[in-house]
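Observations on the model geometry
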Amino acid sequence: QVQLVESGGGLVQAGGSLRLSCAASGRTFSSYAMGWFRQAPGNEREFVAAISWSDDSTLYADSVKGRFTISRDNAKNTVYLQMNSLKPEDTAVYYCNAGGIKFDSSWYDPYSLWGQGTLVTVSS
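This is a predicted model, so every value here is computed, not measured.

On inspection of all chains with the given rule, the structure shows five aromatic pairs. Ring plane angle 50° and centroid distance 6.3 Å describe the contact between Phe-37 and Tyr-108, whose orientation is recorded as tilted. Placement of the pair is Phe-37 in strand E4 (residues 33-39) and Tyr-108 in strand E10 (residues 108-114), with a sequence separation of 71 residues. Take Phe-37: its relative accessible area is 10%, and that puts it in the buried class.

What follows is the structure, encoded as structure tokens:
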């Protein structure tokens, strides 16, 4: 079986940085892309960023563009989210997701495979 395990969350002051990791464990891992989503209390889960396994294609939500960077290590089946210049509104549980690719400008297509989430709290 395949599991997605997030790590790296924590408490940070506004303007600080965190690096989240999502590691796939198990005998087989298969997806075309990986994504990060987040969910704050009382809000719906929202898209943050995505990256293709096979090329350098990335996708970012406008709210994090220029501050967050998604990257991957194919050999380790691991995806990272480098979060800089954090703001209080970034506070949320961050979830890793396995997904596919659709052929339009917003190309990330999430599957129903999620990690357990890691909490990021940004203080004022």
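Now that the structure has been shown, we can carry on.
Here we come to the state of the cysteines. According to the stated counting rule, one finds one disulfide in the structure shown. Note on cysteine connectivity: Cys-22 is disulfide-linked to Cys-96, with sulfurs 1.9 Å apart. Looking down the S-S bond of the Cys-22 and Cys-96 bridge, the torsion is -80°, so its handedness is left-handed. Highlighted residues: Cys-22 in strand E3 (residues 18-25) and Cys-96 in strand E9 (residues 92-101), separated in sequence by 74 residues.

Before going further, it helps to examine the pattern of salt bridges. Overall, the coordinates contain five salt bridges when judged by the stated rule. Among the ionic pairs, Lys-65 bridges to Asp-62, the shortest N-O distance being 3.4 Å. The same class applies to Lys-65 and to Asp-62, which are both exposed. One network of salt bridges, in which partners are shared, links Arg-38, Glu-46, Arg-67 and Asp-90.

What follows covers the pairing of strand E1 (residues 3-7). Side chains Leu-4 and Glu-6 project from E1 onto a buried face, and the interleaved Gln-3, Val-5 and Ser-7 project onto a face without burial. The pairing of E1 with E3 spans five bridges and is classified as antiparallel. Bridging across to E3, Gln-3 finds its partner in Ser-25.

With respect to the element layout, Phe-47 can be found in strand E5 (residues 46-52). In the structure, Phe-47 is positioned 14 residues away from Ala-61 in sequence and 6.5 Å away in space, judged by C-alpha atoms. With residues up to four places along the chain from it excluded, the contact list for Phe-47 reads Trp-36, Phe-37, Leu-59, Tyr-60, Ala-61 and Tyr-108.

Here we have four strands laid out as an open sheet, ordered E1-E3-E8-E7, and antiparallel in their pairing. In this open sheet, the two strands that pair with only one neighbour each are E1 and strand E7 (68-73). Adjacent strand axes in the sheet meet at a mean angle of 15°, parallel and antiparallel pairs treated alike. Pairing geometry for E3 and strand E8 (residues 78-83), over six bridges, is antiparallel. Within the sheet, the bridge partner assigned to Cys-22 lies in E8 and is Val-79.

Another point: the environment of Thr-121. The residue Thr-121 is located in strand E11 (residues 118-123) in this model. Residue classification places Thr-121 among the partly exposed residues on the basis of a relative accessible area of 27%. Sequence separation between Thr-121 and Gln-13 is 108 residues; the distance between their C-alpha atoms is 8.3 Å. Contacts of Thr-121, omitting those with residues within four sequence positions, involve Gly-10, Leu-11, Val-12 and Thr-91.

Calculation criteria
- Residues numbered from 1 in each chain as written.
- Predicted model: local features only at pLDDT ≥ 70, side-chain atom pairs only at ≥ 80, totals over all residues.
- Heavy atoms only, no water.
- Phe/Tyr/Trp six-rings, centres within 6.5 Å; stacked < 30°, edge-to-face > 60°.
- Helix = DSSP H or I, 4+ residues; strand = E, 2+ residues; numbered from the N terminus.
- Buried < 20%, exposed > 50% of the residue type's maximum accessible area, 1.4 Å probe, protein only.
- Disulfide = S-S within 2.5 Å.
- Salt bridge = Lys/Arg side-chain N within 4 Å of Asp/Glu carboxyl O.
- Pairing = 2+ DSSP bridges.
- Contact = heavy atoms within 4.5 Å.
- Axes fitted to C-alpha atoms, helices over the stretch in contact; angles between N-to-C directions.

Honestly, that's just the spatial picture; any functional story needs more than this.
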